[in-house]
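Residue-level listing of the chains:
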Amino acid sequence: MADNVLLELKDVRRSYQSGATMVEVLHGIDLTVKAGEMVAIIGPSGSGKSTLMNIIGCLDNPSSGSYKVMGQDTLNMAPDELAALRRDFFGFIFQRYHLLGHLCARENAQVPAVYAGVRKHKRDERAKELLGSLGLDERTEYKPSQLSGGQQQRVSIARALMNGGQIILADEPTGALDTKSGQDVMKTLQELNAQGHTVIIVTHDPRIAACARRVIAIEDGSIKSDTINEQIKDINGDIHKDNSSANTTGVPLSTSLVKKQWSLTWSSYLDRFKEAFIMAYRAMLSNRMRTLLTMLGIIIGIMAVVSVVALARGASEKIIANIAAMGTNTITIYPGQRMGDVRSGRVQSLTPRDLVVLQGQPFVDSVSASVQTNALLRRGAQESNAMAQGVSLDLFRVYGLKVKEGRIFSNQELQDRAQVGVIDDNAAKLFFPTESALGKNIIVGNISVKVIGILAKTDSFVIRGENPNIFMPYTSVMTRLINQNYLSSIVVRIKEGFSTPVAESSIKSLLISRHGRQDFFMQSSDTIMKSIESATSTFTIMISAIAVISLVVGGIGVMNIMLVSVTERTREIGIRMAVGARQSDILSQFLIEAVMVCMLGGLLGVILSYIVGQVIMHFVPAITLSYSMFSIIAAVLTSSAIGIAFGFMPARSASKLNPIEALARE
Ligand code: ADP
Ligand code: MG
């Protein structure tokens with residue numbers, strides 16, 4: 001019979017700290033319980049029954065002595081090993097039911113199976129079956145608040161049986177029930193014992209104790225008697241058929257049977273995660289306003305960062321697009337000292353002669369020139385001020401100008417200083433509203449120019465304002481229109497394989513030696529790119545600093561709320577631990593909640609930023625915001641990381657709670 005011993009307590013003592021002294025509540029309990037027994041522990045209030053029961057149920061550890069469950073000493077077990085025992089072997093029934101208020105009967109019954117990694121459909125099936133056998137078929141979707149005390153206690157019995165419930169521990173299970181409901185519960189416990197479950201009941205009521213075959217009386221923390229009831233009564237006081245002796249030998253089958261049906265696979269981990277996710281989601285929903293306010297810090301932080309990054313990106317993309325149109329290996333030479341030099345218009349340093357010399361350099365692929373002047377355009381009675389731009393062929397491509405009708409001038413026409421021109425859309429509408437302009441003549445200043453092409457509409461920076469524009473060979477403009485021998489700018493395209501900085505310094509020394517001094521300045525696409533890059537990175541660092549501050553503030557808000565949430569839900573944590581939740585289950589539940597709050601905040605921040613951006617772009621067309629997938633993903637990832645970082649401490653403190661103390665909390 002020795003191999004039939006299920007629980008074995010030897011000299012178990014339990015002391016509580018009371019002020020400065022230790023008070024011993026259990027004084028050396030020796031007790032063995034065999035498989036299939038039904039034991040009642042009876043004693044007056046305060047005698048230590050619950051303390052003993054909690055030790056038996058691995059919710060609490062003895063201060064000294066040893067306690068073995070199926071031969072395994074519990075003394076050196078880790079918290080998760082004890083949780084596994086609670087989950088797989090014990091089924092708890094508490095006086096105050098300890099159901100989770102926000103879950104329905106079916107979900108409450110399932111909780112232990114969630115932690116055992118049972119798949120959802122199997123859990124549902126078993127929960128319904130158990131609730132059905134306890135007469136609750138109609139009530140599976142009811143919340144505890146919608147159930148009577150007796151019904152709630154039956155839900156808690158279903159929960160105790162969910163994972164098999166080889167050993168059922170009931171601490172004053174009828175204490176809060178009316179007589180009839182109490183009788184039903186006792187009947188159920190007797191039936192379960194008859195089916196092979198080991199049942200231990202704690203009670204102060206001799207009538208309840210009479211239902212058990214073995215009665216242990218406890219007084220002031222010591223066992224006073226341990227007797228076998230030869231005549232087991234049922235709760236009505238009638239003599240019960242004694243069938244429990246048959247069960248003292250047989251090993252209960254329920255646990256082993258159930259466990260075999262339930263496969264533990266990786267998908268069960270996924271299921272557990274999903275369950276933690278749902279729990280977190282429900283917790284968030286039940287505190288909507290608070291969740292939203294908590295998120296606000298994250299929402300604002302993420303919104304600010306995403307918007308500013310989009311703004312910076314939009315601006316630099318615009319500039320880079322302009323540069324890309326010129327080609328990446330070009331150098332533009334302007335007269336004067338620097339960009340915006342007021343005298344540059346009068347500096348006559350760049351000449352067509354420079355063009356020829358530059359063209360002769362080995363690293364030069366092509367050279368283009370441009371010259372601008374204001375001129376009066378006339379045709380018949382129609383006249384208008386216009387910008388006449390003298391350009392090289394290349395510049396049409398560089399400036400991103402395309403003809404929609406006709407053609408641009410040829411190299412031959414450029415050399416011949418031909419009186420031909422390409423007009424823009426504005427000029428075409430103004431001077432040729434009803435007919436095609438192609439082949440017609442127009443008076444520019446005091447020369448007649450034949451229109452050979454019309455430009456497609458464009459937002460190129462060389463088309464300025466609403467005034468008409470006409471593009472002509474620079475040679476024609478310089479000799480025929482304004483009789484000027486200097487240029488507005490020179491664009492040098494560097495040959496493939498030559499370094500732009502080297503070319504830049506060669507051009508510089510070449511022009512200085514030709515002009516005798518530096519009366520020009522240069523801009524290469526490289527230097528523009530670099531200055532944009534450095535401006536952008538300075539900007540990014542600044543923004544990142546602001547972002548870090550605002551997100552840390554948001555994170556602290558999240559941590560604060562999570563701490564409150566853990567405190568509020570201490571009892572829930574206790575219940576979950578009592579039915580077998582691991583520390584990691586509790587940790588992940590709260591961590592998931594923190595991450596969800598932050599991630600949702602991040603997502604809302606991104607969406608808000610996008611909406612605000614659209615509104616701004618609608619009203620201020622000059623501003624472009626460019627949202628990159630990268631920044632959106634980074635924002636969401638960052639906010640999740642904040643959730644983990646700031647949610648970890650509260651989640652960990654939840655997982656480290658002592659199940660007994662947590663349960664005692666109201
Ligand atoms: P019963 O369940 O038999 O009514 P308990 O086991 O709950 O009794 O309590 C036994 C004794 O231990 C009581 O005197 C009680 O005050 C004391 N006690 C129980 N829990 C604690 C605790 N957490 N801290 C200090 N004393 C406790
Ligand atoms: Mg008690």
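It should be emphasised that the depicted structure is a prediction, and the values quoted were computed from it without experimental measurement. (Residues numbered from 1 in each chain as written. Chains lettered and ligands numbered in written order. Predicted model: local features only at pLDDT ≥ 70, side-chain atom pairs only at ≥ 80, totals over all residues. Heavy atoms only, no water.)

S.K.: Is there a simple way to explain the overall build of the protein chain in this structure?
M.R.: A count of helical and extended segments in the protein chain gives 22 helices and 20 strands. The C-alpha radius of gyration computed for the protein chain amounts to 44 Å, which surpasses the reference 26 Å derived for 666 residues by more than 25%, pointing to a less compact arrangement than a globule. On the principal axes, the C-alpha backbone points of the protein chain span a range of 130 × 55 × 40 Å. Counting every position in the protein chain, which comprises 666 residues, the buried fraction comes to 50%. In the protein chain, once contacts between residues fewer than 6 apart in sequence are set aside, the share between residues at least 24 apart is 76%. For the protein chain, the exposed area adds up to about 30,900 Å²; of that, 57% sits on carbon and sulfur atoms. Across the protein chain, the centroid of the 67 positively charged side chains sits 9 Å from that of the 58 negatively charged ones. (Helix = DSSP H or I, 4+ residues; strand = E, 2+ residues; numbered from the N terminus. Rg over C-alpha atoms; globule rule 2.2 N^0.38 Å. Buried < 20%, exposed > 50% of the residue type's maximum accessible area, 1.4 Å probe, protein only. Contact = heavy atoms within 4.5 Å. Areas by Shrake-Rupley, 256 points an atom, 1.4 Å probe, with all protein chains shown as cover. Lys, Arg positive; Asp, Glu negative; His and termini not counted. Charge placed at Lys NZ, Arg CZ, Asp CG, Glu CD.)

S.K.: Would you mind showing me how to read the confidence of the model for the protein chain here?
M.R.: Do not read the predicted coordinates in detail wherever pLDDT is low. Averaged over all residues, the pLDDT of the protein chain equals 86, while 91% of them reach at least 70. Low pLDDT, under 50, characterises residues 242-263; the predicted model gives this stretch 40 contacts beyond four residues in sequence or across chains. (pLDDT = per-residue confidence, 0-100.)

S.K.: Quick question: what am I supposed to make of the site of ligand 1 here?
M.R.: As a matter of local geometry, ligand 1 sits amid Tyr16, Val25, Pro44, Ser45, Gly46, Ser47, Gly48, Lys49, Ser50 and Thr51. The contact in question runs from an oxygen atom of ligand 1 to an N or O atom on the backbone of Gly46, over 2.7 Å. One of the backbone nitrogen or oxygen atoms of Gly48 is found 3.1 Å away from an oxygen atom of ligand 1. If ligand 1 stood free it would expose 560 Å²; the protein chains cover 56% of that surface. It is helix H1 (residues 49-56) that provides the largest number of residues to the shell around ligand 1, a total of 3 residues. (Near = heavy atom within 4 Å. Polar contact = N/O pair within 3.5 Å; in protein donor to acceptor, adjacent residues only side chain to side chain.)

S.K.: Please clarify how the environment of Val305 should be interpreted in this entry.
M.R.: Within the element layout of this structure, Val305 appears in helix H11 (residues 288-326). Sequence separation of Val305 and Ala547 is 242 residues, and the distance between their C-alpha atoms is 6.1 Å. Contacts of Val305, omitting those with residues within four sequence positions, involve Ile543 and Ala547.

S.K.: Would you take a moment to explain the pattern of salt bridges for this structure?
M.R.: Side-chain pairs of opposite charge can arise where the charged atoms are in close proximity. Taken as a whole, this structure holds 27 salt bridges when the rule is applied. Between Arg290 and Glu568 there is a salt bridge; the shortest N-O distance is 3.1 Å. Here Glu568 lies in helix H18 (residues 525-568) and Arg290 lies in helix H11, a separation of 278 residues in the sequence. For Glu568, a relative accessible area of 49% puts it in the partly exposed group. (Salt bridge = Lys/Arg side-chain N within 4 Å of Asp/Glu carboxyl O.)

S.K.: Explain the sheet that holds strand E6 (residues 90-93) to me, please; I cannot follow it from the model alone.
M.R.: Either a parallel or an antiparallel arrangement is found when strands of a sheet pair, and the pairing is made through backbone hydrogen bonds. Spatial ordering of the open sheet is given by E6-E7-E8-E3-E9-E10, a layout of 6 strands whose pairing is mixed. Two strands in the sheet have a free side with no partner beyond their single neighbour: E6 and strand E10 (222-228). Taken over all neighbouring pairs, the strand axes of this sheet differ in orientation by 15° on average, direction set aside. (Pairing = 2+ DSSP bridges. Axes fitted to C-alpha atoms, helices over the stretch in contact; angles between N-to-C directions.)

S.K.: Can you walk me through the packing of aromatic side chains in this structure?
M.R.: A ring pair, where both rings are aromatic, is described by two values, the distance of the centres and the angle of the planes. Counting across every chain of the model gives 6 aromatic pairs. Each ring, one from Phe90 and one from Phe92, has its centre 6.5 Å from the other, and the planes form 40°; the classification is tilted. Each member of the pair, Phe90 as well as Phe92, is classed as buried. Between Phe92 and Phe94, the aromatic rings sit 5.6 Å apart at their centres with planes inclined by 5°, giving stacked as the arrangement. Under the relative-accessibility criterion, Phe94 is labelled buried at 10%. The structure contains a cluster of three or more aromatic residues connected by ring pairs, namely Phe90, Phe92 and Phe94. (Phe/Tyr/Trp six-rings, centres within 6.5 Å; stacked < 30°, edge-to-face > 60°.)

S.K.: Which parts of the structure should I look at to understand the side chain of Glu413?
M.R.: In this fold, Glu413 is placed in helix H14 (residues 411-415). Looking at Glu413, the relative accessible area reads 14%, which means it is buried. Apart from residues no more than four positions distant in its own chain, Glu413 is found in contact with Arg407, Ala418, Val420, Ile452 and Pro473.

S.K.: Explanation requested: unusual backbone geometry in the structure shown.
M.R.: Negative phi is the rule for most residues except glycine; trans is the rule for most peptide bonds. Phi is positive for Asp11, close to 50°, though the residue is something other than glycine. Here Asp11 shows up in strand E1 (residues 5-18). Even without glycine at this site, Arg417 takes up a positive phi of about 50°. Residue placement: Arg417 occurs in the loop between H14 and strand E15 (420-423). For Arg417, a relative accessible area of 41% gives the class partly exposed.

S.K.: What am I meant to see in the packing of helix H19 (residues 570-578) against helix H20 (residues 583-619) here?
M.R.: In contact at an axis separation of 10 Å, H19 and H20 are set at 140° when each is read in the N-to-C sense. One finds that H19 runs oblique with respect to H20. Judged by the twist between their axes, the crossing of H19 over H20 is right-handed. Contacts between H19 and H20 involve Glu572, Ile573, Arg576 and Met577 on the former and, on the latter, Ile586, Gln589 and Phe590. In terms of residue class, the contact of H19 with H20 is built from 4 nonpolar, 1 polar and 2 charged. (Parallel < 35°, antiparallel > 145°, perpendicular 65-115°, else oblique. Left-handed = near helix turned anticlockwise from the far one by under 90°. Nonpolar A, V, L, I, M, F, W, Y, C, P; charged D, E, K, R; others polar.)

S.K.: Quick question: what am I supposed to make of the nonpolar core here?
M.R.: What tends to happen in soluble globular proteins is that the nonpolar side chains get buried as a cluster. Leu7, Ile56, Tyr67, Phe90 and Ile200 are the most contacted members of the largest nonpolar core, which has 73 residues in total. The dominant element in this core, judged by the number of residues it contributes, is H20, at 9 residues. When neighbours within four sequence positions are excluded, Phe90 is seen to be in contact with Leu7, Ile56, Gly57, Cys58, Tyr67, Val69, Leu85, Ala160, Ile167 and Leu169. (Core = buried A, V, L, I, M, F, W, Y, C linked by side-chain atoms within 4.5 Å.)

S.K.: What is the right way to read the sheet that holds strand E4 (residues 64-69) from this model?
M.R.: As summarised here, the arrangement of the 4 strands in space is E2-E1-E4-E5, forming an open sheet in which the pairing is antiparallel. Edge strands, defined here as strands with exactly one partner in the open sheet, are strand E2 (21-34) and strand E5 (72-73). Relative to E2, E1 runs antiparallel, the two sharing 10 bridges. Paired with Arg14 across the two strands is Leu26, which belongs to E2. The strands touched by H1 within the sheet are E1, E2 and E4, with E1 carrying the most contacts at an inclination of about 125°.

S.K.: Just checking my understanding: could you explain the side chain of Gln151 for this structure?
M.R.: In this structure, Gln151 sits in helix H5 (residues 149-161). At 2.9 Å, the side chain of Gln151 and the backbone nitrogen of Ser148 are in polar contact. The residues touching Gln151, leaving out its near neighbours within four places in the chain, are Leu136 and Arg139.

S.K.: Just checking my understanding: could you explain the pairing of E10 for this structure?
M.R.: Two faces belong to every sheet, and in a regular strand the side chains alternate between them. Pairing geometry for strand E9 (residues 214-219) and E10, over 6 bridges, is antiparallel. Each bridged residue has a counterpart across the sheet, and for Ile218 the counterpart in E10 is Ile223. Turn length for the E9-E10 hairpin, with the two strands adjacent in sequence and antiparallel, is 2 residues, and the turn residue Asp220 shows positive phi of about 45°.

S.K.: Sorry, what's going on with the packing of H20 against helix H21 (residues 629-655) here?
M.R.: Describing two packed helices takes the angle between their axes plus the distance from one axis to the other. In contact at an axis separation of 7 Å, H20 and H21 are set at 150° when each is read in the N-to-C sense. With respect to H21, the element H20 is oriented roughly antiparallel. As for the relative orientation of H20 and H21, their crossing is right-handed in sense. Tallied by class, the residues present in the contact of H20 with H21 amount to 18 nonpolar, 7 polar and 1 charged.

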